[in-house]
Each structure stands twice: as structure tokens, then as C-alpha cells.
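Examining the three-dimensional arrangement
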Amino acid sequence: MATSFTPREIVSELDRYIVGQRAAKRAVAIALRNRWRRQNCPPELRDEITPKNIILIGPTGVGKTEIARRLAKLAQAPFVKVEASKFTEVGYVGRDVDYMIRDLVESAIQLVRSEETEKVRTRARDGAEDRLVEVLSSSNSPGFFRPTSGESKDRLRERLRAGTLDDEMVEIEVADSGFPTFRGMTPHGFEEINLSEMFGGMNLPFGMGKKGKKRKMRVKEALTALTTEEAGKLVDSARGQRDAVPRAAQGGIVFIDAMDKIAGREGSHGPDVSREGVQRDILPIVEGSTVTTKYGPVSTDHMLFIAAGAFHVSKPSDLIPELQGRFPIRVELEPLTQDDFVRILTEPQNSLIRQYRALLAAEGVTLEFEESSVREIARIAQEVNDRAQNIGARRLHTILEKLLEEVSFDAAELVDKTVLIDAAFVKKQLASVVADEDLSRYIL
């Protein structure tokens, strides 16, 4: 599914969640827009146009993964993240790199299934209400909901929709597939295996595969479970699989992290030999090949590959020439500054301060952050990153957890439900840890 957003609109959407890194946002925005442009090219030229893959270069915690993940969500595209370094583990060198494509197809199936489920959500909800009202109207067991004498099904449905029955207990029968899944070797490589597929519909031992199972739960939970079950009946799984395979092939995004870990340095020996072997295994996937999956063959010709790495020791030019040529766009992400930390804490739609406010609001606690406190948190994050290992914006998570540890622990018993966070509060909570360099390496 090619998005019709313009590059400017894509960058604007990414700005809602990611601070800075304009060059990287522009690069991925152009790559995404080119998919829409390709779909509008003449048919004889369409198949000849391949994506321009991207390498994002920058230290950890500057937004490389988040940019790719948000781009996929914006485009409603199947997305999978893999670690290139996994292929360098002892005994697993170059092991079945095709699994990233199989995982992408599974991601596409889940995406299509969720979209189809959303389309039938209203019908599924109505069917679930019918089943639940039937159970409620005939319930007379001790410990469970009992309708009042003469209460009609229509009245029960009204109460169900109003939410007045949410906390009542009920016993319902829900589907229980009973088919466990595990990751194992198939003729196509390592994949998720479902025992129902292995046994081809045979009767399974230990009672697995029963059609239904009685469960005790609250009415609110029962309505959710029944709605999910009814939606499953309405969605055509076979059609979903047929739609998902071309969706993965034409719109999939594969994010290969830690690419620098498999880049061999010129003139070196030993482990770098295996690194080159891993690169040569990845090369056919990136340049375009057909991967066999249990859902059928999948072409990688038009998938977008985004590689990322810090490249502190090695350089992109240390990759084998063939692989370098398959990543023509290279973007360097900028290290985060103290001012960037201030913006990260306050500007994004999912900023950390908004998240902590929402978490503690569940306890009735109101967190108020003064501007001075935000600047002090950013200053400490920058100082610890400079002094210890630089982990970018991830440092803010550890600092805020330490800062709000006491408030989070005592939230349920607080008498004063408004907590003011100012610069003095930040210094008081973190001064001893920041001052002790050895301790800050472990705590922050």
C-alpha cells in the first residue's frame, strides 16, 4: 500500500514523535514517496524501478530505529527489525538470513488481519452482545450475575452497553484452539510451527484442539473475548494470507540494525572473514531474490531495506563493494545535545513527561514539571552521557526513573496529590548519584 503523503507531510508526521534528525527524515520520506511514484509509472517501467536503500549512520539513542518504525506505521507497511550481529554468533555464521523475509510476511499477515478485523468490528460486537445477553439472561449459578425477576433481554443489553454490568462475574464458553506454536526447522528454514499444521487436522493428544472451554471472567472482559472470537469468524483468513504476500513484497520495510558489526576492516584477518561471509549471505536478499515461505514464494525486489549502525570502528566503505552499491543513500544522524534533550522531554506527542504524568494520574497524582526542572534533567543527561558511555536519549529513561522513584512508590498513599518537580527537587534526588562517578555508571 503506497502512501500518498508528500515528503513534506511525511517529515511533518515524523516530527510529531522524533526530535531533530532532519536529513534522515528527508531521506526516508523521499524513499516512501518514490513507492507512490512507482505505482503511477507505466507498467513496462514499473518493475524496473527498485527502491533506493538507506544506511543510517549514528550512535545509539539518536532515533535510527524510531524513524524506521514510525515510517512503517505511517505507510501502514509490514515492518521487521533484525540484528545483523546475530549472524556472527559462534556456530550461527550466516545462518538462514532468509528468516527476516519470513518474519516480514508474518508481520504482513498480522497487519492485514488487524485491518480486516477492524472492518468487521461493529458486526462482531453485535454478535458478542447477543451471546453475552443470552448467557446473562439464563445465569442462575451462585457467585455469578443473576438477572432480576422479569428483566428482559433488551433491558440487559441496555445495561451492558451502559457499562453497569462491567464488574459482574459470568461464565462463558470461548474457543480454545489449544494448538501450541514453536520455532523450528521446516523445509523453508526456521519458522513458527503450529501443531495443527503439522498433524494436518488429526486428533491431537492430551485434549488439545477442543472447540470450546468454559471460563469465569468479568462481563467487560467477556465482551472483549467474545468480540475477538466473533471477528475471527467473520475474517477470511485465506484471503488475508493471499493479500499479505504481495503487501510484503511491494511495501515491506526491513530494518537491519548493527550493520557496522558485520563490516570487516581492510587488511584484517580472523573474525572478519566470517563477517564478509555474512555480508555475502545478506547480499542476494537486498539485491532482489525470491524467498520460499510457507505462504508461497516472496520476491524481495521491491522491498525497502534500511540499515543502521554507529560505524565508530568500521566505516560503510568497509562493507563489500556489492553490498555498498545496494545502499546508495547514506545519512549521518547528529549526536543529541542538551537542547535536544529538553525538546525530547516536552515536544513529541509521546514525550516521556507526558507518559509519566499519565501513569501517575492513574493514582490520582498530578505531576507538575517546571521549565527549570526539565533543563536540569537535560543537563544531567548530557553530563552523564559525556562522562560515561553515550547512550543518547535512552539516558533520559534511567534518569526519570531514578528521579521519580519515591513518588512512584508512595503514589497510592500520598496525601497531597500534586507533586511539583523543580530544579531543586531534581538536584536533591540525583545529586549524590551524579557526584559519585562510579555509582552513576551503575545507576544512571
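Provided above is the structure to which this section pertains.
Residues numbered from 1 in each chain as written. Predicted model: local features only at pLDDT ≥ 70, side-chain atom pairs only at ≥ 80, totals over all residues. Heavy atoms only, no water.

**Topic: the overall build of the protein chain**
Heads up, the condition is: Put simply, DSSP marks the helices as runs of H or I at least four residues long and the strands as runs of E at least two long, and each gets a number from the N terminus on. Accessible area is worked out with a 1.4 Å probe on protein chains only. A residue is then buried under 20% of its type maximum, exposed over 50%, and partly exposed in between. The method behind every accessible area is Shrake-Rupley, applied with a 1.4 Å probe, and residues are considered shielded solely by the protein chains displayed.
Assigned secondary structure in the protein chain consists of 19 helices and 13 strands. For the protein chain, with 444 residues in total, the buried portion stands at 43%. Accessible surface for the protein chain amounts to roughly 23,600 Å². Of this, 50% is attributable to carbon and sulfur atoms.

**Details of unusual backbone geometry**
Leave glycine aside and you will find that most residues have negative phi; peptide bonds, for their part, are mostly trans. The residue Q21 is not glycine, and still its phi comes out positive at about 55°. Following the sequence through the fold, Q21 ends up in the loop between α1 (7-15) and α2 (22-39). Judged by its relative accessible area of 5%, Q21 is buried. A positive phi angle is found at F311, which is not glycine, with a value near 55°. Following the sequence through the fold, F311 ends up in the loop between β10 (304-309) and α12 (321-325).

**Quick word on the sheet that holds strand β1 (residues 54-57)**
Strands in a sheet are paired, the pairing made by backbone hydrogen bonds, and the direction either parallel or antiparallel. Stated formally: Note on pairing: DSSP must find at least two bridges between two strands before they are called paired. All axes are obtained by fitting lines to C-alpha atoms, using only the stretch in contact for helices, and the reported angles, taken between N-to-C directions, cover 0 to 180 degrees. Every residue pair with non-hydrogen atoms within 4.5 Å of one another is taken to be in contact.
With parallel pairing, the five strands of this open sheet are ordered in space as β2-β7-β10-β1-β11. The open sheet terminates on both sides in strands that have one partner only, identified here as β2 (79-83) and β11 (329-332). For this sheet, the mean angle separating the axes of adjacent strands, direction not counted, is 20°. In this sheet, β10 lies alongside strand β7 (residues 253-257) in parallel orientation, the contact comprising four bridges. Residue pairing in the sheet places V254 in a bridge with F305 of β10. Each of β2, β7 and β10 is contacted by helix α5 (residues 99-119), which is oriented at about 150° to β2, the strand it contacts most.

**Comments concerning the pairing of β10**
With six of six residues buried, β10 is to be regarded as a mostly interior element. Inspection of the sheet shows β1 paired to β10 by four bridges, in the parallel sense. Counted as the bridge partner of L56 is A308 from β10.

**Observations regarding the pattern of salt bridges**
Under the convention used in this document: By definition here, a salt bridge exists when the distance from a side-chain nitrogen of Lys or Arg to a carboxyl oxygen of Asp or Glu is within 4 Å.
Summed over all chains, the structure comprises 32 salt bridges. Taking the shortest distance from any N to any O, the salt bridge between E129 and R157 comes out at 3.4 Å. Of this pair, E129 sits in helix α6 (residues 121-137) while R157 sits in helix α7 (residues 153-162), and the two are 28 residues apart along the sequence. On the accessibility criterion, E129 (3% relative accessible area) is buried. The residue E230 makes a salt bridge to K233 at a minimum N-O spacing of 3.2 Å. Separated by three residues within a single helix, E230 and K233 lie in helix α9 (residues 219-234), roughly one turn from each other. Overall, the relative accessible area of 13% leaves E230 in the buried class. When its relative accessible area of 55% is taken as the criterion, K233 is described as exposed. Several salt bridges share partner residues, and in doing so they unite R125, E129, D130, R157 and R161 into one network.

**Topic: the packing of aromatic side chains**
The test is simple: Here is the rule: rings of Phe, Tyr and Trp (six-membered ring for Trp) pair when centre to centre is within 6.5 Å. Planes less than 30 degrees apart are stacked, more than 60 are edge-to-face, and the remainder are tilted. A ring is considered to have a charge above it if a Lys NZ or an Arg CZ atom is located within 6 Å of its centre and within 35 degrees of its normal.
One pass over the structure, following the stated rule, counts zero aromatic pairs. A cation over a ring is seen here: R33 above W36, with NZ or CZ 3.9 Å from the ring centre. Taking the ring centre of Y17 as reference, the NZ or CZ of R70 above it sits at 3.9 Å.

**Things to note about the pairing of strand β8 (residues 290-293)**
Alternating residues of β8 divide into V291 and T293, all buried, and T290 and T292, none buried. Where β8 lies against strand β9 (residues 296-299), four bridges are found, and the strand directions are antiparallel. Bridging across to β9, T290 finds its partner in S299. In sequence, β8 turns back onto β9 through a hairpin of two residues.

**What to know about the packing of α5 against helix α10 (residues 237-251)**
Heads up, the rule is: Oblique is the label for every angle not falling under 35 degrees (roughly parallel), over 145 degrees (roughly antiparallel), or within 65 to 115 degrees (roughly perpendicular). Throughout, a crossing is termed right-handed when the near helix is turned clockwise from the far one, and left-handed when it is turned anticlockwise from it by less than a right angle. In the scheme used here, Gly and all other residues not listed as nonpolar or charged are polar, with Ala, Val, Leu, Ile, Met, Phe, Trp, Tyr, Cys and Pro taken as nonpolar and Asp, Glu, Lys and Arg as charged.
For the pair α5 and α10, interaxial distance at closest approach is 8 Å and the crossing angle is 125°. On the basis of their axis angle, the class for α5 and α10 is oblique. Along this stretch, α5 crosses α10, giving a crossing that reads as right-handed. The residues of α10 that touch α5, namely those facing L104, V105, A108, I109, L111, V112 and E115, are G240, Q241, D243, A244, V245, R247 and A248. Taken together, the residues that form the contact of α5 with α10 break down as nine nonpolar, two polar and three charged.

**Here we look at helix α4 (residues 64-75)**
Stated formally: Helix span is expected to be 1.5 Å times the residue number reduced by one.
For α4, which comprises 12 residues, the first-to-last C-alpha distance of 17 Å matches the rise-based estimate of 16 Å (1.5 Å per residue) to within 8%. Where burial is concerned, most of α4 is hidden: nine out of the 12 residues are buried. The complete set of buried residues in α4 reads K64, T65, I67, A68, R70, L71, A72, L74 and A75. Buried-residue contacts for α4 involve α1, α2, β1, β2, β7 and β10.

**Side note on a negative patch on the surface**
The criterion, for reference: Only residues whose relative accessible area exceeds 30% and that form no salt bridge are eligible for patches; like-charged ones are grouped when within 9 Å, while nonpolar side chains (Val, Leu, Ile, Met, Phe, Trp, Tyr) are grouped when within 5 Å. Only four residue types enter the charge count: Lys and Arg as positive, Asp and Glu as negative, with His and the chain ends excluded. The atoms used to mark charge sites are NZ of Lys, CZ of Arg, CG of Asp and CD of Glu.
A cluster of like negative charges, contributed by E363, E406, D410 and E413, occupies part of the molecular surface. You can see D410 is positioned in helix α17 (residues 405-410).

**Some thoughts on the nonpolar core**
Stated formally: Only buried residues count toward a nonpolar core, which is a set of Ala, Val, Leu, Ile, Met, Phe, Trp, Tyr and Cys residues joined through side-chain atoms within 4.5 Å.
I306, L367, F369, I377, L403 and I421 are the most contacted members of the largest nonpolar core, which totals 61 residues. Once residues within four sequence positions are removed from consideration, I306 is found in contact with V28, I54, L56, A68, L71, I253, V254, F255 and I256. Listed in part, the 39 residues of the second largest apolar core include F87, Y99, V245 and V298.

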